[in-house]
Amino acid sequence: MVNIFDQIVLLTISLIANTLSALAGGGAGLLQFPALLFLGLPFTTALATHKIATVALGAGATLKHWRQGNTQWFFAILMLISGLPGVILGARVIIEIPESIAKFSLGVLTIGLSVYSLYKPQLGQDHTPINRNARGYFIGAAMLFTLGVLNGSLTSGTGLFVTLWLILWFGFDYQRAVAYTMILVGLFWNGTGALTLALLTPVKWEWLPALLTGSALGGYCGAHFAVKYGNPVIKRIFEGVTMLVGLSLILSVTF
């Protein structure tokens, strides 16, 4: 039996979370995943359901970003071939590090992203291509593989790391970096992780219509605002979301 109140709550939370995520380049799990746990889902079922819902975030954002011409096939393919094996590995392999330590460490690192961006006023404001050689692509792909492992095994925050990595290593501005993250991570990485998890654990299928609707609308709205307001606004949203994601991860361990 579908509870209408639960569906309204899920739609609202999903819309807000995914709008912010599409603006910042990650962090949809900040509100959406804890909401699924609060409404009574076991951890693994909530994770699988959340991952499937975030695919719609990528789809919604893709509709907007693809028209802007801020993406190139070469980098899209690079992110796919380097990140997808990591996503599958992260979703399938039991991580040796206890979950509490992994969450706390990720929380500290995520807060570090916010602090670093705050103290770098010009970070990601201009598109200045760097490391576009064999060595640069190899190191970039290796880090994307590592981030793919995190994406497959953790609930939130990994898209934010991808966004900042594209800025720091390849010289993207925030708008371009967020576009790549939303399309490749939101649609393809999360889709692969969702499929892998769905084969391994139950999914709350009756909750997905509201979550998918909120994710798709939020993804499109967030991408629209990102294109409209540009790098300065995206940078501030990125800093706020990373700080909140990091704090939520730490608090989930300590309380």
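Quantities reported herein were computed from a predicted structural model and do not represent experimental measurements.

## Some words on the overall build of the chain
(1) Moving on: A tally of regular secondary structure across the chain gives nine helices and zero strands.
(2) Moving on: Of the regular secondary structure in the chain, the N- to C-terminal order runs α-α-α-α-α-α-α-α-α.
(3) Moving on: Each principal axis of the C-alpha distribution contributes one length, and for the chain these read about 55 × 40 × 35 Å.
(4) Moving on: Within the chain, buried positions represent 53% of all 255 residues.
(5) Moving on: Residue pairs in contact within the chain that sit at least 24 positions apart in sequence constitute 86% of those at least 6 positions apart.
(6) Moving on: Here the chain displays about 11,400 Å² of accessible surface, and carbon together with sulfur accounts for 72% of that area.
(7) Moving on: Taking the 13 positively charged and 7 negatively charged side chains of the chain as two groups, their mean positions are separated by 9 Å.

## Quick notes on a nonpolar patch on the surface
(1) Moving on: A cluster of nonpolar side chains, namely Ile16, Leu20 and Leu31, defines an oily patch on the protein surface of about 230 Å² accessible area.
(2) Moving on: With respect to the helices and strands, Leu20 occurs in helix 1 (residues 4–24).
(3) Moving on: A relative accessible area of 33% means that Leu20 is categorised as partly exposed.

## Considering the environment of Thr254
(1) Moving on: By the element assignment, Thr254 lies in helix 9 (residues 208–254).
(2) Moving on: Using a relative accessible area of 47% as the deciding quantity, one classes Thr254 as partly exposed.
(3) Moving on: Sequence separation between Thr254 and Leu187 is 67 residues, and the spatial gap between their C-alpha atoms is 32 Å.

## Some words on the UniProt feature "transmembrane region" (unreviewed entry) in the chain
(1) Moving on: Here, UniProt's "transmembrane region" (unreviewed entry) annotation points to residues 34–61, 73–95, 101–119, 139–172, 178–200, 207–227 and 233–253.
(2) Moving on: In this annotation, residues 207–227 is assigned 95% helix and 0% strand; the end-to-end C-alpha distance for the span is 31 Å.

## Focus on the packing of aromatic side chains
(1) Moving on: Counted according to the given criterion, the structure contains 12 aromatic pairs.
(2) Moving on: Taken together, a centroid distance of 5.0 Å and an interplanar angle of 75° make the contact between Phe75 and Phe170 edge-to-face. One end of the pair, Phe75, is in helix 4 (residues 73–92); the other, Phe170, is in helix 7 (residues 158–170), with 95 residues separating them in the sequence. Both residues of the pair, Phe75 and Phe170, belong to the buried class.
(3) Moving on: Each member of the aromatic cluster is reached from another via a ring pair, and the members are Phe74, Phe75, Tyr137, Phe170, Phe172 and Tyr180.
(4) Moving on: Looking at Arg132, its charged tip hangs above the ring of Phe172, at a distance of 5.2 Å from the centre.
(5) Moving on: Above the face of the Trp207 ring, Lys204 is positioned so that its terminal group lies 5.3 Å from the ring centre.

## Digging into the nonpolar core
(1) Moving on: Within the largest apolar cluster, 44 residues are counted, with the highest numbers of intra-cluster contacts made by Met79, Val162 and Leu166.
(2) Moving on: Listing elements by their share of this core, those giving two or more residues are helix 1, helix 3 (43–65), helix 4, helix 5 (99–118), helix 6 (134–153), helix 7, helix 8 (174–200) and helix 9.
(3) Moving on: If we ignore the near neighbours within four places in the chain, the residues touching Leu166 are Met79, Gly171, Phe172, Ala177, Tyr180 and Thr181.
(4) Moving on: Residues Ile52, Ala53, Leu208 and Leu211 belong to the second largest nonpolar core, which totals 17 residues.

Criteria and cut-off values
Residues numbered from 1 in each chain as written. Predicted model: local features only at pLDDT ≥ 70, side-chain atom pairs only at ≥ 80, totals over all residues. Heavy atoms only, no water. Helix = DSSP H or I, 4+ residues; strand = E, 2+ residues; numbered from the N terminus. Buried < 20%, exposed > 50% of the residue type's maximum accessible area, 1.4 Å probe, protein only. Contact = heavy atoms within 4.5 Å. Areas by Shrake-Rupley, 256 points an atom, 1.4 Å probe, with all protein chains shown as cover. Lys, Arg positive; Asp, Glu negative; His and termini not counted. Charge placed at Lys NZ, Arg CZ, Asp CG, Glu CD. Patch = residues over 30% accessible without salt bridge, like charges linked within 9 Å, V, L, I, M, F, W, Y side chains within 5 Å. Salt bridge = Lys/Arg side-chain N within 4 Å of Asp/Glu carboxyl O. UniProt positions renumbered as here; feature names shortened; annotations may be inferred. Phe/Tyr/Trp six-rings, centres within 6.5 Å; stacked < 30°, edge-to-face > 60°. Lys NZ or Arg CZ within 6 Å of the ring centre and 35° of its normal. Core = buried A, V, L, I, M, F, W, Y, C linked by side-chain atoms within 4.5 Å.

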